[in-house]
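Take a look at the letters that make up each chain.
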Amino acid sequence: MVNAETKTDRRWVRTRKSIRNAFAKLLIDEELEKITVKEIVEIADINRNTFYLHYSNVNEVVEEIENEIIAAFTAEIERIEFSKLSKDPYLFYKSLNNLLYMDLDLNTAILRSIKSSTLSLRLKQILRGKLFGGLSISNNIDPIALNVTVDFITAGMISVYQSWFLSDKSYSLDEASKVVSRLLAACVADVFDREAED
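Each value, and the rule that gives it
Residues numbered from 1 in each chain as written. Predicted model: local features only at pLDDT ≥ 70, side-chain atom pairs only at ≥ 80, totals over all residues. Heavy atoms only, no water. Salt bridge = Lys/Arg side-chain N within 4 Å of Asp/Glu carboxyl O. Helix = DSSP H or I, 4+ residues; strand = E, 2+ residues; numbered from the N terminus. Buried < 20%, exposed > 50% of the residue type's maximum accessible area, 1.4 Å probe, protein only. Core = buried A, V, L, I, M, F, W, Y, C linked by side-chain atoms within 4.5 Å. Contact = heavy atoms within 4.5 Å. Arc of directions from axis to C-beta. Phe/Tyr/Trp six-rings, centres within 6.5 Å; stacked < 30°, edge-to-face > 60°. Lys NZ or Arg CZ within 6 Å of the ring centre and 35° of its normal. Expected span 1.5 Å × (residues − 1). Axes fitted to C-alpha atoms, helices over the stretch in contact; angles between N-to-C directions. Parallel < 35°, antiparallel > 145°, perpendicular 65-115°, else oblique. Nonpolar A, V, L, I, M, F, W, Y, C, P; charged D, E, K, R; others polar.

S.K.: Please give an account of the pattern of salt bridges that cites residues and values.
M.R.: If you walk through the whole model with that rule in mind, you get 6 salt bridges. Across the pair Arg 20 and Glu 68 runs a salt bridge, and its minimum N-O distance is 2.7 Å. Linking Arg 20 in helix H1 (residues 4-29) with Glu 68 in helix H4 (residues 58-79), this pair joins segments that are 48 residues apart in sequence. A residue is classified by how much of its surface remains accessible, and Arg 20, at 15% relative accessible area, is buried.

S.K.: Can you explain the nonpolar core? Please cite residues and give values.
M.R.: Phe 23, Ile 40 and Phe 51 are the most contacted members of the largest nonpolar core, which totals 54 residues. Elements with a minimum of two residues in this core: H1, helix H2 (37-44), H4, helix H6 (90-101), helix H7 (104-112), helix H8 (116-138), helix H9 (143-166) and helix H10 (173-197). The biggest single contributor to this core is H9, with 9 residues. For Phe 51, the contacting residues outside a window of four places in its chain are Ile 19, Val 37, Ile 40, Val 41, Ile 46, Asn 57, Val 58 and Val 61.

S.K.: So, H2: which residues are in play, and what are the values?
M.R.: Listing the buried residues of H2 in full gives Val 37, Ile 40, Val 41 and Ala 44. Projected down its long axis, H2 shows its buried positions confined to an angular sector of 95°, all on one face. In this structure, H2 carries Lys 38 and Glu 42 as exposed residues pointing more than 90 degrees from its buried face. Immediately downstream of H2, the backbone of Asp 45 shows phi near 60°, a positive value.

S.K.: Could you give me a rundown of the packing of aromatic side chains, with the residues and numbers involved?
M.R.: One pass over the structure, following the stated rule, counts 5 aromatic pairs. When the ring of Trp 164 is compared with that of Phe 165, the centres are 5.1 Å apart and the planes differ by 85°; the resulting orientation is edge-to-face. On the basis of relative accessible area, Trp 164 is assigned to the buried category, the value being 3%. Using a relative accessible area of 0% as the deciding quantity, one classes Phe 165 as buried. Chaining the aromatic ring pairs together yields one cluster made of Phe 51, Tyr 52 and Tyr 55. The ring of Trp 164 is capped by Lys 169, whose NZ or CZ atom sits 5.1 Å from the centre of that ring.

S.K.: Give a description of the environment of Tyr 161 that names residues and reports values.
M.R.: Relative to the helices and strands, Tyr 161 resides in helix H9. Linking Tyr 161 and Asn 97, residues 64 residues apart in sequence, is a C-alpha distance of 9.5 Å. Excluding anything up to four places from it in sequence, Tyr 161 contacts Tyr 93, Leu 96, Asn 97, Leu 100, Leu 173 and Ser 177.

S.K.: Let's hear about H6: which residues, and what values?
M.R.: For H6, built from 12 residues, the straight-helix expectation of 16 Å at 1.5 Å per residue is met to within 8% by its first-to-last C-alpha distance of 16 Å. Within H6, burial applies to Tyr 90, Phe 92, Tyr 93, Ser 95, Leu 96, Asn 97, Leu 99 and Leu 100.

S.K.: Requested: an account of the environment of Ile 110, with residues and values cited.
M.R.: When you line up the elements, Ile 110 lands in helix H7. Separated by 78 residues in sequence, Ile 110 and Leu 32 place their C-alpha atoms 8.9 Å apart.

S.K.: Could you give an account of the environment of Glu 63, naming the residues involved and the relevant values?
M.R.: Position of Glu 63 among the secondary structure elements: in helix H4. The spatial distance from the C-alpha of Glu 63 to the C-alpha of Leu 119 is 9.4 Å, given a sequence separation of 56 residues.

S.K.: How would you explain the packing of H6 against H7 if you had to name every residue and give the values?
M.R.: The contact between H6 and H7 brings their axes to 7 Å, and the two run at 100°. Regarding the angle of H6 to H7, the classification is roughly perpendicular. When H6 is examined against H7, the residues Leu 99, Leu 100 and Tyr 101 are found in contact with a partner set consisting of Leu 104, Asn 107 and Leu 111. Its residues assigned to classes, the contact of H6 with H7 shows 5 nonpolar, 1 polar and no charged.

In structure tokens:
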């Protein structure tokens, strides 16, 4: 038998999902700054009071979605062993791609929005920390070369994802990831080889 609290929790979750889905639909065709609570509640088929029980404004919906993306991205990065990443970077991309494909429409809409620049910056910082830590531990590399390499790799990786989300998707994210994986492996190997020569 379902108790009242479980029923309420289900309604709560269902309503939040409805709000987020409505927001995502609007974000596909409209700029983030132009989306209003009125539009969201019409598409979600709820009233304004219900919206305000869940969120104080549209930006709060965006922040919640971005925080969930960051949390999932961070968890995925933390699962990856750097020793495997340096040998086969595609494993990393494959796991990130699976994460992005889970809610492709919403992720596309969010990453296409203007506000995604803050999301991109946060993602770069997380990725940079993981790469920096892994490269500095496993190799005796000059600090300047390490910083430049990590910045180059991080910016390139995020840029490829952003470009793909902004594109007509004439090629798959997996195809792009395979190319970037080869570039990443070559870049890291070249830097290490040059450092060993010096």
